[in-house]
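Close look at the chain arrangement
Chain residues, written in single-letter form:
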Amino acid sequence: MSSDDTIAAVATPLGPGGLGVVRLSGPDAIAVADKIFRSTRPLSEALSHTVHHGTVRDGDTALDDVLASVFRSPRSYTGEDTVEISCHGGPFVVKSVLTLCFRAGARPAEPGEFSKRAFLNGKLDLAQAEAVGELIAAHSESFRRLAMEQMQGRLSVYLKDLRRRLVDLLALLEANLDFAEDEVPDLSKDDLRAGLDRLLQEGTALLHTASRGRLLRDGLRAVLVGSPNVGKSSLFNALLGHDRAIVTEVPGTTRDTLEERFLADDVPVTVTDTAGLRTETDRVEGAGIARAKRALEQADVALFVLDASRPLSEEDRAVAALLDGKKIVLALNKWDRAGKETAHHLRAPLPLPPKTPCLKTCALDGRGVNELRRELVRVMDDRSPETADVPTLINLRHAELLNDAVNHLKAARRSAESSLHEECLAIDMRLALGGLNQITGEGVHDEILDAIFSKFCVGK
Ligand SMILES: Nc1nc2c(ncn2[C@@H]2O[C@H](COP(=O)(O)OP(=O)(O)O)[C@@H](O)[C@H]2O)c(=O)[nH]1
Ligand SMILES: [Mg+2]
């Protein structure tokens, strides 16, 4: 599988920094490096996994003082001969070293080409290689951990076990279809059903993790809605932990929508502050209200704010009516000034789903705000807490393939109820297997590989 050309790219961000790394991989990586690198001995004599101090030279001119690390095939990230030149991190230093590599015979690497070569050389399977991209893009500790687990092969091991049992069952089934009864071990209907049930159960358990993986990767959108002056902008500021929106006693101050991001339980939350959702008043505020309605349409969760210091108003009821079909978290704000209105008084007359979470908050001193942050995530997280023995799917491609595979297993399970459908049953099982294989990269078309790796950055 190994490529016959040698690639080079900068593996670190291009900007001033302590170090910048130029990476070379391919059959001539060491020869190319030797053309530009001077030390006491050439790298061609170096053992694998050794580091050498020297200079990068353009003819007689020394460009930089560097360290060159040598990794010989197959014991490298790509599986090919690899040299990593650590130079000083100035963009001009790094670029001139890279240019010298090109002149010495390397060609520019395509995005993700190092990882693609690692996959093609069997160093990583596709799910692991994709995890490298996810790891680099991770924006929270939880997501980093999941990406790291996937890179180390947790998902691959789980799928391998699932596939092996599917293959065994399929082989037994096909043998029973093709050969006379006494030539192969019998597969009873009960054993077949039990085998399929177990595969379905494990496939479904894995599929259920996809929503949490997606939440941790893409986050959620929340929008603050409520009558004017209930404390939406104050809560917005409190959620962010700093002042961003203007807060005044004059109703209708917020005329535009404001958008900010924060992490709640490691889930990136984009929250929008809106003008009150009321109907009358002047034209500027009217435009703000139209925008608020649009923000509401795009949001995953509506954070519906009521003012607990006064009775429920007609406006509050009108806002509630706009939230039909949305996931809602109710905040009884200004709870510090709550009078005779109990939570029940405020909540009960509103046409909200019975399980709508309801929190008492004070935007001024921050009471209840942490709970509010957590609740926003909890209403979106329909899965029970992470199950110890099932990895979390963090990649949409994997979730889609697994979903198809589970559907084929379900169809196979239905066919297993009647004796007429054994051929269909085998076909569905084979399709399920095909889907599972594609997650780890067996039988994946070149275009799909290109699409996956082109999303990586150059140098990865
Ligand atoms: N006592 C008290 N006052 C609050 C609270 N939240 C907001 N306010 C006040 O209520 C007024 C309106 O707040 P604002 O955030 O602008 O409301 P909005 O129109 O819904 O955005 C301001 O004077 C805030 O200081 C709260 O929890 N307790
Ligand atoms: Mg406001």
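What counts as what
Residues numbered from 1 in each chain as written. Chains lettered and ligands numbered in written order. Predicted model: local features only at pLDDT ≥ 70, side-chain atom pairs only at ≥ 80, totals over all residues. Heavy atoms only, no water. Pairing = 2+ DSSP bridges. Helix = DSSP H or I, 4+ residues; strand = E, 2+ residues; numbered from the N terminus. Domains from an automatic or database assignment. Buried < 20%, exposed > 50% of the residue type's maximum accessible area, 1.4 Å probe, protein only. Axes fitted to C-alpha atoms, helices over the stretch in contact; angles between N-to-C directions.

With that settled, consider the sheet that holds strand 5 (residues 61-71). In spatial order, the strands read 3-4-5-6-2-1-7; together these 7 strands make up an open sheet with mixed pairing. The sheet terminates laterally at strand 3 (37-38) and strand 7 (107-108), the two strands that pair on one side only. Both strand 1 (residues 7-10) and strand 7 contribute to a ladder of 2 bridges, which runs parallel. Of the residues in strand 7, the one forming a bridge with Ala8 is Pro108.

Now for the domain arrangement of the protein chain. In terms of domain boundaries, the protein chain breaks down into domain 1 (7-124), domain 2 (132-209 + 389-440) and domain 3 (218-378). Centre-to-centre separation of domain 1 and domain 2, based on C-alpha positions: 41 Å.

Looking now at the pairing of strand 11 (residues 301-307). Most of strand 11 sits out of view: 7 of its 7 residues are buried. Alternating positions in strand 11 separate into two faces, Val301, Leu303, Val305 and Asp307 on one and Ala302, Phe304 and Leu306 on the other, with burial throughout. Inspection of the sheet shows strand 8 (residues 220-225) paired to strand 11 by 4 bridges, in the parallel sense. Residue pairing across strands places Val225 opposite Phe304, the latter belonging to strand 11. Note: strand 11 against strand 12 (residues 327-333), 7 bridges, orientation parallel.

As a further point, take the sheet that holds strand 10 (residues 267-273). The mixed open sheet is built from 6 strands, whose spatial order is 9-10-8-11-12-13. Edge positions in the open sheet fall to strand 9 (258-264) and strand 13 (358-360), since each of these has one partner strand only. In this sheet, adjacent strand axes meet at a mean angle of 25° when their direction is disregarded.

With that settled, consider unusual backbone geometry. Residue Pro74 is reached from Ser73 by a cis peptide bond, and omega for that bond is 0°. Tracing the backbone shows Pro74 in the loop between strand 5 and strand 6 (82-88). One non-glycine residue, His49, lies in the positive phi region at around 60°. The topology assignment puts His49 in the loop between strand 3 and strand 4 (50-58). Residue His49 is classed as partly exposed on the basis of its relative accessible area, which comes to 41%. Of note, Lys334 is a non-glycine position whose phi angle comes to about 60°, a positive value. Structurally, Lys334 can be placed in the loop between strand 12 and helix 12 (343-347).

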